[in-house]
Amino acid sequence: MEDEKVMKLEQRIRQLELDVQLLKEQRLVEKEPIKPKHEPKSEDTLHTTEYKQPILKPRTTEPPKSFETSKKTAMDPRKEPVDWENLIGRVWLPRIFIFILLLGVIWGFKVAVDAGILNETNRVIIGFLAAILFLYIGEKQIKRNHHALGKVLVSGSVAILLLSTFAMHILYGMIPAGLAFFLNVLWVAMGIYLAHRHKSEAMGIMMSVFGYLIPFLVQGETDTNEILLVIGYELLFYIALLIFAVRMQYKKLFYIAAVLLHLVFLTLSVSAFQYDSIVFVWMAVGMLIQHELIFGTLYLKKINNRGTFPVLFTSFIATLLWTKGGFGAIDQDLYYLLYLVIATIRYGTVAYYSHLRKREELFSLSIVLATIGLSCIIFEGLNNPDMIFSMYLIVGLFATYIGYYFHVFAQRFIGLIIYFSTAFMVVADPLYDLWSWDLFNMLLLIGTLYAMHILLKPFIENHVKQILTGVLLAAHVLFLMKIPILYQAISLETLLWIGVIISLYILYQLVRTEINRYFHMGVVAVNVTIHLTFITKLITALTVNQSVSIEVMSISIGWALYATGCLIAGFVYQKKSVRLLGIGLLFLTLVKLVVIDLAFLDLIVRAGLFMGIGVLGIVLSRLFYIKDNGTEKEE
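Bear in mind the structure is a predicted one, so any value in this text is a computation, not a measurement.

Conventions adopted
Residues numbered from 1 in each chain as written. Predicted model: local features only at pLDDT ≥ 70, side-chain atom pairs only at ≥ 80, totals over all residues. Heavy atoms only, no water. Helix = DSSP H or I, 4+ residues; strand = E, 2+ residues; numbered from the N terminus. Expected span 1.5 Å × (residues − 1). Contact = heavy atoms within 4.5 Å. Salt bridge = Lys/Arg side-chain N within 4 Å of Asp/Glu carboxyl O. Buried < 20%, exposed > 50% of the residue type's maximum accessible area, 1.4 Å probe, protein only. Phe/Tyr/Trp six-rings, centres within 6.5 Å; stacked < 30°, edge-to-face > 60°. Lys NZ or Arg CZ within 6 Å of the ring centre and 35° of its normal. Patch = residues over 30% accessible without salt bridge, like charges linked within 9 Å, V, L, I, M, F, W, Y side chains within 5 Å. Areas by Shrake-Rupley, 256 points an atom, 1.4 Å probe, with all protein chains shown as cover. Axes fitted to C-alpha atoms, helices over the stretch in contact; angles between N-to-C directions. Parallel < 35°, antiparallel > 145°, perpendicular 65-115°, else oblique. Left-handed = near helix turned anticlockwise from the far one by under 90°. Nonpolar A, V, L, I, M, F, W, Y, C, P; charged D, E, K, R; others polar.

*Asks:* Where do I start with helix H16 (residues 409–428) in this structure?
*Replies:* Structurally, the α-helix is built with 3.6 residues per turn, so residues lying three or four positions apart point the same way. The end-to-end C-alpha separation of H16 is 28 Å, in line with the 28 Å expected for 20 residues at 1.5 Å each. On its buried face, H16 is in contact with helix H14 (360–381), helix H15 (385–405), helix H17 (437–455) and helix H18 (462–482).

*Asks:* How should I be thinking about the environment of Glu 493 in this particular structure?
*Replies:* Residue placement: Glu 493 occurs in helix H19 (residues 492–511). Distance from Glu 493 to Leu 434, taken between C-alpha atoms, is 8.3 Å for residues 59 residues apart in sequence.

*Asks:* How should the pattern of salt bridges be read in this particular structure?
*Replies:* Between side chains of opposite charge, pairing is possible as soon as their charged atoms come close. Per the counting criterion, the structure on display carries three salt bridges. In this structure, Arg 346 and Glu 292 form a salt bridge, with 2.9 Å as the shortest nitrogen-oxygen distance. Here the residue Arg 346 occupies a position in helix H13 (residues 333–356), and Glu 292 occupies one in helix H11 (residues 278–299), the gap between them amounting to 54 residues. Its salt-bridge partner being Glu 380, residue Lys 324 comes within 3.0 Å of it at the nearest N-O pair. With a gap of 56 residues between them, Lys 324 in helix H12 (residues 309–328) and Glu 380 in helix H14 connect regions that are remote in the sequence. Note on Lys 324: relative accessible area 32%, which makes it partly exposed.

*Asks:* Hey, could you run me through the packing of aromatic side chains in this one?
*Replies:* Aromatic ring pairs are defined here through the distance separating the ring centres and the angle between the ring planes. Summed over all chains, the structure comprises 20 aromatic pairs. Seen in terms of ring centroids, Phe 363 and Phe 406 are 5.1 Å apart; in terms of plane orientation they differ by 70°. Their pairing is edge-to-face. Of this pair, Phe 363 sits in helix H14 while Phe 406 sits in the loop between H15 and H16, placing them 43 residues apart in sequence. Taking relative accessible area as the criterion, Phe 363 reaches 4% and is therefore assigned buried. Ring geometry for Trp 497 against Phe 534: centres 6.0 Å apart, planes inclined by 25°, an arrangement best described as stacked. You can see Trp 497 sitting in helix H19 and its partner Phe 534 sitting in helix H20 (residues 517–542), a full 37 residues away along the chain. Residue Trp 497 shares its accessibility class with Phe 534, and that shared class is buried. Grouping aromatic residues by their ring pairs yields a cluster made of Phe 363, Tyr 401, Tyr 405, Phe 406 and Phe 459. One residue, Arg 346, lies across the ring of Tyr 347, its end atom 4.4 Å from the ring centre. When the ring centre of Trp 559 is taken as reference, the NZ or CZ atom of Lys 592 above it lies at 5.6 Å.

*Asks:* Is there a simple way to explain a nonpolar patch on the surface in this structure?
*Replies:* A cluster of nonpolar side chains, namely Phe 587, Leu 590, Val 591, Val 594, Val 595, Ile 596 and Phe 610, defines an oily patch on the protein surface of about 630 Å² accessible area. Counting residues per element, the nonpolar patch draws most heavily on helix H22 (residues 576–595), at five residues. Relative to the helices and strands, Val 591 is located in helix H22.

*Asks:* Whenever I open this one, the packing of helix H5 (residues 120–143) against helix H6 (residues 147–171) confuses me. Can you help?
*Replies:* Each pair of packed helices can be described by the angle between their axes along with the distance between the axes. Between H5 and H6, whose axes approach to 7 Å, the crossing angle comes to 165°. When the interaxial angle is binned, H5 and H6 end up roughly antiparallel. Crossing of H5 against H6: the hand is left-handed. Of the residues contributing to the contact of H5 with H6, the split by class is 14 nonpolar, nine polar and two charged.

Take it as geometry only, folks, not as evidence of what the structure does.
Written out as structure tokens, the structure is:
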């Protein structure tokens, strides 16, 4: 038998030598082509010159089919199709049916127990024997290169050992809790050793689940001290899994071990309300230690960093929640604030040095975490909600700018979320008193929108600029809607209206060359509507003690004068669009006279108003006959 194996091995070696010789000859053909006899005199003759092809010696032995297949695979860059038959049959079927087998064994045990065939001692002995059998068969299958089936059987043996120990302690009371705990830790440690031996990440993940479940398998009536021991065990087990995942470079285990610790602590927290509040503090400390370990692992590049940084982001958010709840349970929010300050400074510093060292992924994440930390510090450190809104508007603005400047999408997203969620709350907050934080926040909102428009101008496209302009326009309108009705001509409300009108004019001048035609018309329409509204409110305040007919007539005169101003400005600055706007406003005033004013005006007032408007229209129409040799400017 051994001689036959040696002969086959020698044949394969000879065949490989022949294949290597073929490859060498092919490389010689590619690298050393035979030169033409006559050097071509032109480019045309160069392309038509015939080259001598080298003649290879005939080979008596053909290369094996496997070699040809490998050549085709190397030449074809396309990925090979998934072998679903192999994936399902060899990988997943054993994993699924091992659980089906375990269920069948459990039900068979139940039948045997109900029939009185098996006593408690025999059940435990059978369980341990079954685990040994599974381990033996699994190792044999792995040696025969049936890795998927073998690893599932080996993992199943550890599961049976844990179930048998659970039955000995909880169901039958054969051993105390301390011994049961020690045995379960021993079984899980053996499982991790086997995962390391067979280089199986899947086995490592299964062992992590088993290990986290150990306290629940041996836990009976517990007090605060025992819960604290469970927390300590779970944290130490996580550290062991982290070291194992880093050593073996198992990224999936790195993720799952972190998530499972949160799930275990959440499960413990459900029952922790019956114990002392210190339990929540220690769980918060455990989460804090976990986050620092994850940060250190990634910062020191102890594991392949590509794609692993999201776990640091989620860990930081979860840690903030745990520390807030844990320290809040004992009314020590100052410790939470202290951790926020330290973490924010740390991530800000890491972002700075990561940018210098070209660690872009770490820089992107660190700047986002520093922004989140700063936002939490503001929320925790300030008691005035309006002051918090003010700070969030500023933080959101600069966070968004930093995201665009350094091309960090996550930072942009966080900055925009902070800014616009705060902006929504500022707008939704009613303005009861003009001399208040509410007014300041509305003015700050408009100011920061201007700043965002100017700061982001080099980084955003035209359609984004138009969206931002629309938001800024809407902020002005919403601000005016919050200002109370003008009851006096000279008042703070009037000054605010004038300030908004001036601000909208500045906005129009900033964007008029960057927006498309239809959006341009919309901006002008909003401006004109606000101007007419202000004229109406101002005249109403001025004529508050007059009759309704005087008030209505005054408003129409104000509109007509505004239209006249537009027409004159159009002629002075040679802008056709402004002249057309003036004409349209004149007709709008006329429609208002006919549809609305007639019902409120006395006959004598009606006659005087109509004559005045008519004369004004005729005089203005004469302007169109004035000859102007200048060039008309169009917007």
